[in-house]
Amino acid sequence: PALLEALQRALCVAVGDSALYTRNDSGGVRPAPLVAVTSIELRNNPSLPNWELFDDAIATSYSGVLAAITGGQRSRRSIVLDLDTRDSMYALFKLYEPEPGMPPSREEIAALAYFGVEAIVSGMLERTNDGATLELRLYRIAPDGSVQLVARRRRSIGDDSRVLYLTTVAETAEELLSAP
């Protein structure tokens, strides 16, 4: 089914009719941008009580990227790369260890753009007096390699719970990529 959907999307683009497959039982296939989730940066506030999510920042960021991919793949408005595909693209540009807790580098963005990735999602988890604030941002990759902010979504997280964090990331990514 995924291969058929990809072929239908490509045909929609080739013939210039984005509604070509909306009239049959295909589930409303339309052309959709290719999106990569790059990173979730963590910003701790050392003056506040410790949270395990921030103490184990690498695992928190990495698992958050995976959750954002999972949530984003639920959107019918975009095609979100899985982590292995994204990392294979990076590897061809000799970018073997992208930092999941740092904003994407120009080299990472250039590698993704080379393969036709049209947009990226990156985020931040910031420790606040009320717990933490998650912000996911959708950027369009311009032809010159710069990025332009398209949309953002914020959610509060009130407890130091990995399950709550991952659920919130997935829901926020789905909402971000499902908006028109």
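Figured I'd write up the structure that's included with this text. This one's a predicted model, so the numbers in the text were calculated from it and none came from an experiment.

## Some details on the packing of aromatic side chains
- One pass over the full model with this rule turns up four aromatic pairs.
- Between the aromatic rings of F93 and Y114, the centroid separation amounts to 5.4 Å while the plane-to-plane angle is 70°, which identifies the pairing as edge-to-face. Note that F93 is positioned in the loop between α4 (83-92) and α5 (106-114) and Y114 in helix α5, a separation of 21 residues in sequence.
- By relative accessible area, which is 34% here, F93 ends up partly exposed.
- Owing to a relative accessible area of 61%, Y114 belongs among the exposed residues under this scheme.
- Considering the side-chain rings of Y114 and F115, the 5.1 Å spacing of their centres and the 90° angle between planes classify their relative orientation as edge-to-face.
- The class for F115 is partly exposed, based on a relative accessible area of 30%.
- Here the aromatic residues F93, Y114 and F115 are joined through ring pairs into a cluster of three or more.

## Focus on the environment of S78
- One can find S78 in the loop between α3 (57-72) and β2 (79-80).
- Separated by 43 residues in the primary sequence, S78 and V35 have C-alpha atoms spaced 6.7 Å apart.
- With near-sequence residues (within four places) excluded, S78 lies in contact with A32, P33, V35 and L177.

## Some remarks on the side chain of R127
- As for its placement among the helices and strands, R127 is situated in strand β3 (residues 119-128).
- It turns out R127 is buried and unbridged, and the closest side chain with the opposite charge, D160, is 7.2 Å from it.
- At 2.8 Å, the side chain of R127 forms a polar contact with the backbone oxygen of P49.
- Within the local environment of R127, its side chain forms a polar contact with the backbone oxygen of G131, the two atoms lying 2.8 Å apart.
- Among residues more than four places away in sequence, those in contact with R127 are R43, N44, N45, L48, P49, W51, F54 and A132.

## Comments concerning α3
- In a regular helix each residue adds 1.5 Å, so 16 residues correspond to 22 Å; α3 covers 22 Å between its end C-alpha atoms and thus fits that length.
- Of the residues making up α3, those classed as buried are T60, S61, S63, G64, V65, A67, A68, I69, G71 and G72.
- Lining the buried residues of α3 we find β1 (34-43), α2 (52-55), β2, α4, β3 and α6 (162-178).

## Describing a negative patch on the surface
- A cluster of acidic residues, E52, D55, D56, D159 and D160, forms a negative patch at the surface.
- By secondary structure assignment, the location of D55 is in helix α2.

## Describing the nonpolar core
- Residues V121 and L125 are the most contacted members of the largest nonpolar core, which totals 28 residues.
- Elements represented by at least two residues in this core include exactly β1, α2, α3, β3, β4 (131-141), β5 (147-157) and α6.

## Section: the pattern of salt bridges
- Applying the stated criterion across every chain, the model contains nine salt bridges.
- Between E135 and R152 there is a salt bridge, with its nearest N and O atoms 3.5 Å apart. With a gap of 17 residues between them, E135 in strand β4 and R152 in strand β5 connect regions that are remote in the sequence.
- Look at E135 and you get buried, because its relative accessible area is 6%.
- One continuous salt-bridge network, built from bridges that share partners, spans E135, R137, R152 and R154.

Rules and cut-offs
- Residues numbered from 1 in each chain as written.
- Predicted model: local features only at pLDDT ≥ 70, side-chain atom pairs only at ≥ 80, totals over all residues.
- Heavy atoms only, no water.
- Phe/Tyr/Trp six-rings, centres within 6.5 Å; stacked < 30°, edge-to-face > 60°.
- Helix = DSSP H or I, 4+ residues; strand = E, 2+ residues; numbered from the N terminus.
- Buried < 20%, exposed > 50% of the residue type's maximum accessible area, 1.4 Å probe, protein only.
- Contact = heavy atoms within 4.5 Å.
- Lys, Arg positive; Asp, Glu negative; His and termini not counted.
- Salt bridge = Lys/Arg side-chain N within 4 Å of Asp/Glu carboxyl O.
- Polar contact = N/O pair within 3.5 Å; in protein donor to acceptor, adjacent residues only side chain to side chain.
- Expected span 1.5 Å × (residues − 1).
- Patch = residues over 30% accessible without salt bridge, like charges linked within 9 Å, V, L, I, M, F, W, Y side chains within 5 Å.
- Areas by Shrake-Rupley, 256 points an atom, 1.4 Å probe, with all protein chains shown as cover.
- Charge placed at Lys NZ, Arg CZ, Asp CG, Glu CD.
- Core = buried A, V, L, I, M, F, W, Y, C linked by side-chain atoms within 4.5 Å.

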